[in-house]
Every structure is written in C-alpha cells, then in structure tokens.
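Observations on the three-dimensional arrangement
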Amino acid sequence: MADINPLLPVSSSDGSSNLTGQATCRRPIKVVVSIFFGLLTLGLFAALLIRNNGPVDYVDVHENERGSLASTAFEKAENLKPVSRGPAAGVSEKSNWAFGGDLPDYPWNNSMLSWQRTAFHFQPEKNWMNDPNGPLFYKGWYHFFYQYNPNAPVWGDIVWGHAVSKDLIHWLHLPLAMVADQWYDKNGVWTGSATILHDGKIIMLYTGSTTEGVQVQNLAYPADQYDPLLVHWVKYPRNPVLVPPPGIGPNDFRDPTTAWLTSEGKWRITIGSKINKTGIALVYDTKDFINYEMLDGLLHAVPGTGMWECVDFFPVSETENNGLETSINGHGIKHVVKASLDDDRHDYYAIGTYNDRNGTWIPDRPNIDVGIGLRYDYGIYYAAKTFYDQNKKRRVLWGWIGESDSEAADVKKGWASVQSIPRTILFDKKTGTHLLQWPVEEIDSLRLKGKEFNQVRIQAGSVVPLDIDSATQLDIIAEFKIDSDALDKATGSSDASFDCVTSGGAAERGALGPFGLLVLADERLSEQTPVYFYMTKGSDGNLKTFFCNDQSRSSKASDVDKHIYGSLVPVLRGENLSIRILVDHSIIESFGQGGRTVITSRVYPTKAIHGAAKVFLFNNATELNVTASLKTWQMNSAFIQPYPNL
C-alpha cells in the first residue's frame, strides 16, 4: 500500500500542517528584485570585462581550425530556426528544428531511415523523447526517467517514460512512471529530479503544466519503496507544493533540482526562472518537501541569458578523482552551476564558490559565467542532468540529443531523439576552469574486434584511408603529434581570431590545420563528417587550439542540418592532441583533450551507410605534417527492450 505521508509534515505555529503548497518568504519579493538589480550591475561589469579583455587565455600549445578535404565546393548550411507547436506554453517545447524556405523533403527510403536508429544509445522503442528526468541508483538498479510522447514521434502529450539498467548500457523499458492525469499536470508532466533521503526513501519533484498553463512544482514518491524497480508512483494528494512567487511569470518557473542538505539540516532546491532577459535560479528551503521557504536572494543570475531551465547544481573535488554526493561542501570543494538556455538551446556551466549560509553562488571567473562562457557540449545536446552514483562513487551526466533532420523524416521513421552515452564528470585540476567529461567505463564492455594504427605519418594536404571493416558502430581513440619545427617556423597571423562555427569548415586550409579524422564517409568522400583540430598562431607567437566538427558535407540530403560545431580547447604544455570518438549510426560524440571540449552531432548520410561507411585520417594544413596513432574497436549493440512480464 502506498505511503501517503512519505515525509513528516512540519507543523506550523498553530499546530496544524501547512499543506497549501504556498512557499513562505523571509522578506517581500522587492528584496529579490533589489538583489536582481545588484546582480544586473555586476553582470554588466562582467560583460564590459569580456568586451575589453576578451575570453580567458590558456597555455595552449596549439589551436585548430576546421579541416575538410573535399573535391567539391563548400555549400553554406541553411540557418535553421525552432518551430513552436500548439498553444503558447511559455516553455521550451523541445521541438526539433524546422526548415525555412522551400527546401524539398529528401526521398528517404526504408534502408536509409532504419540505418539511422542507434545501436548502443538509449532511446524508446518508438515516438518522441526529450529531457532526462530523475536519474538515480536504487537497490541495485540504475533508473532513468525521460520526457516522452507515447502517441507520436513529435513533441506533445508529455509524460514520463521509465527504464532500468544494471550497467547504464543495457536497458529494460518499464511502464510509464507518471502520466498527465491531474489538473496540476494536465498539460504536461515536465522535467524533475530525484532526491534520496536519509532513510533511503525517494522523493521526486517535477514541474507540471496546469489546465490553465501555469507552471507549478509537484511531489511524487514510489508506491512501494521496497520495490527495486519502482514501477508504481504516487502523486502527493495536495499538489502543487510550489507555485510561481510574486514577480515571476506563470510560464517562467520550472525544473526543480535534486535537493541538498544545508548546514542547518534543511533540504535546499533551486528552480529556473527569469526576470526580463536575466536568467535566474530561485532558492527554496524545506524540511518535509511539502512546506517551503523562499530565500531572500538568488542562487545566481546572469543578465542577457534569458530563461534558465533544467538548472543543475553540484559539488566537484579539487583534489580527488571521484564524484561527490550533492550535499558535500567544505575545503577543497568547488560547486558547478549549469543552466539550459531556452533562448539558444545550449547547456552552459561555470565553476565557483557556494555560500551555504545565504544560498548564493559566485563564479570563479565572471568572464566565463553561466550562459556567456563554457558549454557542456558544442553540438546538439541539451537539458542535461547529473546524479551522484553511490554505487561507483561518481557523478554521471545525462543529456538529450535531439534530431536535426526534418520532422517529415521523423514521422516516416517513427521515432525522434536519443540520450547521450552517460558521462562521468570531474573538475579539471590542470586548467582549473573546465570540467572533464568522459563516457562511463561500462561502454568499454561493448568493444569487439580492435585494430591499432601506429605512427601514421599524414603529409600536409593528404588523406589516408583506414582499413576498418565496418564503420557505423565504432569507438576510436586517436593521438596526434605535431611537427615542432613547423610550429616554430609558422608566422603569426590574424588566424588567431579563428572560430569553428564561422570560419568555413574543414575545406578551408590554414598553415596549422585542419587535421583529424573523417567518419561516416563514403569511398569517394562525397559524404563525410570531419572531426578535427585547427591551430592558430597569433602575432605574439602564442598558439591556440580549436576542436571542431564539420557537418557541411555530412549528407546529400537537403532537409538536414549542416552546421559546423566547435570551440577552443585548452592544450597544456607537453600534451599531445587527443580525440575519442563514439560513432553510433546517426550520432557522433567527440571528446577532445580528455573531455575538456565535447561535440555531439547528428548526421544523416545517404551513401556512407551500412558497409559503405569508411574512416579516413586527413591533414588539410598547408605547412604542417602530423603523426597519428589510433586504436579502434567495432562496437556491439546494447540490449534495450521491454522488461519481461510487465
């Protein structure tokens, strides 16, 4: 029987329990507004710093640009714009990209479309999926919940899907965890987070969209806490437990975080919002997850960043190589704030110092603050969420990988979107500014036949084919050594202002780049996706390195995204350049320099599929020879199917 009182309600001063779902505030909302304007001033000052001083510099041995060797001319990718469906919900509707103009649908056949489905990334059997929700490890099982439309391969009718795994790789689908069946979530059971309490009980806070389209926070808990599969969930009878506070719009209040303990023994959460164009994270304390107290100030705010959704907050160790439980604080601990910006659909993070007493957080470097600095991933990756895995003492990151083809193609294939390979996440002690993301170790269990290619010399302007039998499910680890004489001889130039996204792709040649790998390429290179480094040398003699992914020639199809992705990657003195690439049909996840910079792409080739997919090394630099050493593995498919007899 379900425990209808999973937590002990805190009695109010008159002895009765306050179950109205209304948070109490320490001071009137004008205090929050005054703090907001103070933060606005600070943000403007930070913006001035960025304008005058530029982004933070690193001791980079190299910098890179895009490189793509193609005999065909570069075709500029069309700009894609998000499409909105249905009534204005005031929320990121998580739709895929729509295509402007009169671009015709490509005549996809069943062979092409069936090839696009991934083999070892998590996805439902059919239909639409988006944000990861409430991941946790409980009684021997990893649990993963996700935004799901059970009725169509497009966004809408959002409920919570649910799957379990013993290893984060092989998954069993369970029945839907929560459906939109109450007035407070009738328009969608949206994103939420799990918290494991002292006694092992689980609570789930999630955003519901009411029958009037107001965003409210709701409480749910397992019907049977002794069930390791957590199949059945109960919604608190007196939901919602939180409604938008004064001064916050009804559509600007969503995505509660995992709770953490304060030094006073209270539980604390943060919720994403905005005031005008300033993204903010509201902070609430609670003892019972039913009654809440809104703190005077904000966890953090950054002007000009718009609505913050899917906010995440967690500690990282400056000294240890393991993850930390969410409530950990103290000496040698930094805290990460991450926000998904609804305005540009990217996940930004920053590292800083958390003040437990007043519930505020300050970035270490304001010029790379949340929303204006570093991203988890420079490709198609959004709404990420971490959880602490007490089973292996690590922090694990999940992220939603959307589609970048046409909606018509999604309808034809009957599904849309996948989840990234779960990644461990650690503080980068060498740079002090970045996080390191890396595929969880369990992914290595899928490796089959491997090959090594040692000390392959790649002359400037050359392409080297690799003898790999099948190239649609691969794990590739590559290291590149640079001709130091060429680096010394290279003259400084304006290339130091290089940018992966705007500088023309891998076909544009520079003295020190591009060079790397071509994946999902056909024999004639009519389709190819370069993953590469591009180095630049400034007039001051300093080298920088960029890590890029060029989709401009990834497909002959007209109705797919062909953007170029990438960013600066710190390369410290004495380090060789390194890449890890996971290729899984229409997904390419690329990790540069041990995961300092990560790029995820969705590509939809028409020719470079099945046995026609190849891998090449390339060097499109004009003055640089490169030596590459690689290890490659064919990857097995993951076991992902319904749980038997449920």
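Thresholds, definitions, all that
Residues numbered from 1 in each chain as written. Predicted model: local features only at pLDDT ≥ 70, side-chain atom pairs only at ≥ 80, totals over all residues. Heavy atoms only, no water. Helix = DSSP H or I, 4+ residues; strand = E, 2+ residues; numbered from the N terminus. Polar contact = N/O pair within 3.5 Å; in protein donor to acceptor, adjacent residues only side chain to side chain. Contact = heavy atoms within 4.5 Å. Disulfide = S-S within 2.5 Å. Buried < 20%, exposed > 50% of the residue type's maximum accessible area, 1.4 Å probe, protein only. Phe/Tyr/Trp six-rings, centres within 6.5 Å; stacked < 30°, edge-to-face > 60°. Salt bridge = Lys/Arg side-chain N within 4 Å of Asp/Glu carboxyl O. pLDDT = per-residue confidence, 0-100. Pairing = 2+ DSSP bridges. Axes fitted to C-alpha atoms, helices over the stretch in contact; angles between N-to-C directions. Core = buried A, V, L, I, M, F, W, Y, C linked by side-chain atoms within 4.5 Å. Domains from an automatic or database assignment.

Turning to its location among the elements, Ser-462 is positioned in strand β28 (residues 462–465). For Ser-462, the side chain forms a polar contact with the main-chain oxygen of Gln-459, separated by 2.6 Å. When sequence neighbours within four positions are dropped, the list of residues in contact with Ser-462 reads Leu-617, Phe-618 and Asn-619.

Our focus in this paragraph is the state of the cysteines. In this structure the tally under the stated criterion is 1 disulfide. Disulfide pairing places Cys-500 opposite Cys-548 at an S-S distance of 2.1 Å. Between Cys-500 and Cys-548, the S-S dihedral sits near -60°, and the bridge is therefore left-handed. Of this pair, Cys-500 sits in the loop between α4 (484–489) and β30 (515–521) while Cys-548 sits in strand β32 (residues 543–550), and the two are 48 residues apart along the sequence. Classification of Cys-500 by relative accessible area gives buried; the value is 1%.

Here we come to the packing of aromatic side chains. Inspection of the entire model under this criterion finds 32 aromatic pairs. Residues Phe-144 and Tyr-146 carry aromatic rings whose centres are separated by 5.9 Å and whose planes lie at 20° to one another, so their mutual orientation is stacked. Considered together, Phe-144 and Tyr-146 belong to a single accessibility category, that of buried residues. A network of ring pairs unites the aromatic residues Phe-122, Phe-144, Tyr-146, Tyr-148, Trp-171 and Trp-398 as a single cluster.

Right, let's talk about the pattern of salt bridges for a bit. Scanning all chains against the criterion turns up 31 salt bridges. Where Asp-444 meets Arg-580, a salt bridge forms, and the shortest distance between an N and an O atom there is 3.1 Å. Of the two residues, Asp-444 is situated in the loop between β26 (435–439) and β27 (447–458) and Arg-580 in strand β34 (residues 577–584); the sequence distance between them amounts to 136 residues. Residue Asp-444 is classed as partly exposed on the basis of its relative accessible area of 32%. Between Asp-475 and Arg-580 there is a salt bridge; the shortest N-O distance is 2.7 Å. In this pair, Asp-475 is assigned in strand β29 (residues 473–482) and Arg-580 in strand β34, connecting sequence segments 105 residues apart. A cluster of three or more residues bridged by salt bridges with shared partners is formed by Asp-389, Lys-392, Arg-394, Glu-441 and Glu-442.

Let's shift gears to the side chain of Ser-417. Summarising the element assignment, Ser-417 is placed in the loop between β23 (415–416) and β24 (418–419). What makes Ser-417 buried here is its relative accessible area of 1%. In this structure the side chain of Ser-417 is engaged in a polar contact, spanning 3.1 Å, whose partner is the backbone oxygen of Met-129. Contact partners of Ser-417, with chain neighbours within four places excluded, come to Gln-123, Trp-128, Met-129, Trp-400, Ile-401, Gly-402, Glu-403 and Arg-602.

A few words on the confidence of the model for the chain. Residue-level pLDDT values for the chain average 87, and 83% of them are 70 or greater. Between residues 25–33, whose pLDDT stays under 50, and residues either more than four places distant or in other chains, the model counts 14 contacts. Below a pLDDT of 50 lies the segment residues 44–88, which in the model reaches 146 contacts outside its immediate sequence neighbourhood of four places, other chains included.

What follows concerns the sheet that holds β29. Spatially, 6 strands are ordered β27-β38-β29-β34-β35-β36 in an open sheet, and the strand pairing comes out antiparallel. Because the sheet does not close on itself, it has two edges, and the strands there are β27 and β36 (597–602). In this sheet, adjacent strand axes meet at a mean angle of 15° when their direction is disregarded. Both β29 and β34 contribute to a ladder of 8 bridges, which runs antiparallel. Paired with Phe-480 across the two strands is Leu-577, which belongs to β34.

This part is about the nonpolar core. One finds Phe-480, Leu-517 and Leu-624 to be the most contacted residues of the largest nonpolar core, which totals 72 residues. In terms of domain composition, this core takes at least three residues from each of domain 1 (131–404 + 416–439) and domain 2 (448–635). Beyond its immediate sequence surroundings of up to four residues, Phe-480 is in contact with Phe-515, Gly-516, Leu-517, Phe-533, Asn-576, Leu-577, Ile-579, Leu-617, Val-626, Thr-627 and Ala-628.

Both faces of the sheet carry side chains from a regular strand, because those side chains alternate between them. Side chains of β26 alternate between two faces, with Leu-435, Gln-437 and Pro-439 buried and Leu-436 and Trp-438 left unburied. One ladder, built from 5 bridges, connects strand β25 (residues 423–427) with β26; its direction is antiparallel. Note on β26: the bridge partner recorded for Phe-427 is Leu-435.

Pro-240 follows Asn-239 through a cis peptide bond whose omega is 0°. Tracing the sequence through the fold places Pro-240 in the loop between β11 (233–235) and β12 (260–261). With an omega of 10°, the peptide bond between Gly-513 and Pro-514 qualifies as cis. Among the structural elements, Pro-514 can be located in the loop between α4 and β30. Even without a glycine there, the phi angle at Leu-525 is positive, about 60°. If you trace the backbone, Leu-525 turns up in the loop between β30 and β31 (529–537). Given a relative accessible area of 16%, Leu-525 falls into the buried group. Even without glycine at this site, His-610 takes up a positive phi of about 50°. Here His-610 is to be found in the loop between β36 and β37 (614–619).

Before going further, it helps to spend a moment on the sheet that holds strand β33 (residues 564–568). Taken in spatial order, the 6 strands of this open sheet run β28-β37-β30-β31-β32-β33, and their pairing is antiparallel. With one partner strand each, in any of the chains shown, β28 and β33 form the two edges of the open sheet. Between one strand and the next, the sheet's axes are offset by a mean angle of 20°, whatever the strand orientation. One ladder, built from 5 bridges, connects β32 with β33; its direction is antiparallel.

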